[in-house]
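This is what each chain is made of:
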Amino acid sequence: MGMVSTIDTDGNVYIGTAEIGDNEMRIGNIYNNRFQDIWESKKHQKVIELMSSRYQQKVCKAKLCRHIVSHESVEKFLCGKIKPLDLKEILNDPLSHFI
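We now turn to the structure provided with this report. Owing to the predicted nature of the structure, the values given are computational and were not obtained by experimental measurement.

Further remarks concern the overall build of the protein chain. Of the regular secondary structure elements, the protein chain holds 4 helices and 3 strands. Listing the helices and strands of the protein chain from first to last along the sequence gives β-β-β-α-α-α-α. Of all 99 residues assigned to the protein chain, the portion counted as buried reaches 28%. Long-range pairs, those at least 24 residues apart, make up 37% of the contacts in the protein chain between residues at least 6 apart in sequence. When the accessible surface of the protein chain is totalled, it reaches about 7000 Å², and 54% of it is carbon and sulfur.

Structure (structure tokens):
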């Protein structure tokens, strides 16, 4: 989780777009801190945990769930829990692998 970011016009950093404007989901501000420091912060981890909890409880925003599923897929791939898709498999049914 937490592999996508969105920065609003005020420099506030969020994980994804559905959270823009939700102060509880803001992980920092690029005018106050370097992006890398924000990304590696405890606040970022806290927001990831909050998002995961909301997802598990099925109380996340409708648009947010798509982002969480894509985050989980990337995380599983990076951890070696899923393997890269075979191009032939994708070409046979291209929409089945759309995130």
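Having seen the model, we can carry on.
This part covers the sheet that holds strand β2 (residues 12-14). Pairing is antiparallel in the open sheet, where 3 strands are placed in the order β1-β2-β3. Single-partner strands in this sheet number two, and they are β1 (6-7) and β3 (26-29).

Here the focus is the nonpolar core. Formed by Val13, Tyr14, Ile15, Met25, Ile27, Ile38, Val47, Ile48 and Met51, the largest nonpolar core amounts to 9 residues. For this core, the secondary-structure elements that each account for two or more residues are β2 and α2 (42-56). With 3 residues, α2 is the largest single contributor of residues to this core.

Now for the pattern of salt bridges. All told, the structure shown has 1 salt bridge when counted by the stated rule. Residues Arg34 and Asp37 are paired through a salt bridge, measuring 3.2 Å at the closest nitrogen-oxygen approach. Classification of Asp37 by relative accessible area gives partly exposed; the value is 38%.

The next thing to look at is the packing of aromatic side chains. Taken as a whole, this structure holds 1 aromatic pair when the rule is applied. A centroid spacing of 5.5 Å and a plane angle of 20° characterise the contact between Phe35 and Trp39, whose relative ring orientation is stacked. In this pair, Phe35 and Trp39 are both assigned in helix α1 (residues 35-39), 4 residues apart and thus about one turn of the helix distant.

Bringing the environment of Val13 into the picture now. Inspection of the secondary structure assignment puts Val13 in strand β2. A sequence separation of 22 residues divides Val13 from Phe35, and the C-alpha atoms of the two residues are 8.5 Å apart. When near neighbours in sequence (up to four residues on either side) are disregarded, Val13 contacts Ser5, Thr6, Ile7, Met25, Arg26, Ile27, Gly28, Ile30, Phe35 and Ile38.

Take a nonpolar patch on the surface next. On the surface, Ile7, Ile30, Tyr31 and Phe35 cluster together to form a nonpolar patch covering roughly 380 Å² of accessible area. In this structure, Ile30 sits in the loop between β3 and α1. Residue classification places Ile30 among the partly exposed residues on the basis of a relative accessible area of 33%.

This part takes up the side chain of Asn29. Structurally, Asn29 can be placed in strand β3. Judged by its relative accessible area of 11%, Asn29 is buried. Engagement of the side chain of Asn29 in a polar contact is seen with the backbone oxygen of Asp10, the distance being 3.0 Å. Polar contacts involving the side chain of Asn29 include one to the side chain of Asn12, which spans 2.9 Å. Apart from the residues within four sequence positions on either side, Asn29 is in contact with Asp10, Gly11, Asn12 and Ile38.

Conventions adopted
- Residues numbered from 1 in each chain as written.
- Predicted model: local features only at pLDDT ≥ 70, side-chain atom pairs only at ≥ 80, totals over all residues.
- Heavy atoms only, no water.
- Helix = DSSP H or I, 4+ residues; strand = E, 2+ residues; numbered from the N terminus.
- Buried < 20%, exposed > 50% of the residue type's maximum accessible area, 1.4 Å probe, protein only.
- Contact = heavy atoms within 4.5 Å.
- Areas by Shrake-Rupley, 256 points an atom, 1.4 Å probe, with all protein chains shown as cover.
- Pairing = 2+ DSSP bridges.
- Core = buried A, V, L, I, M, F, W, Y, C linked by side-chain atoms within 4.5 Å.
- Salt bridge = Lys/Arg side-chain N within 4 Å of Asp/Glu carboxyl O.
- Phe/Tyr/Trp six-rings, centres within 6.5 Å; stacked < 30°, edge-to-face > 60°.
- Patch = residues over 30% accessible without salt bridge, like charges linked within 9 Å, V, L, I, M, F, W, Y side chains within 5 Å.
- Polar contact = N/O pair within 3.5 Å; in protein donor to acceptor, adjacent residues only side chain to side chain.

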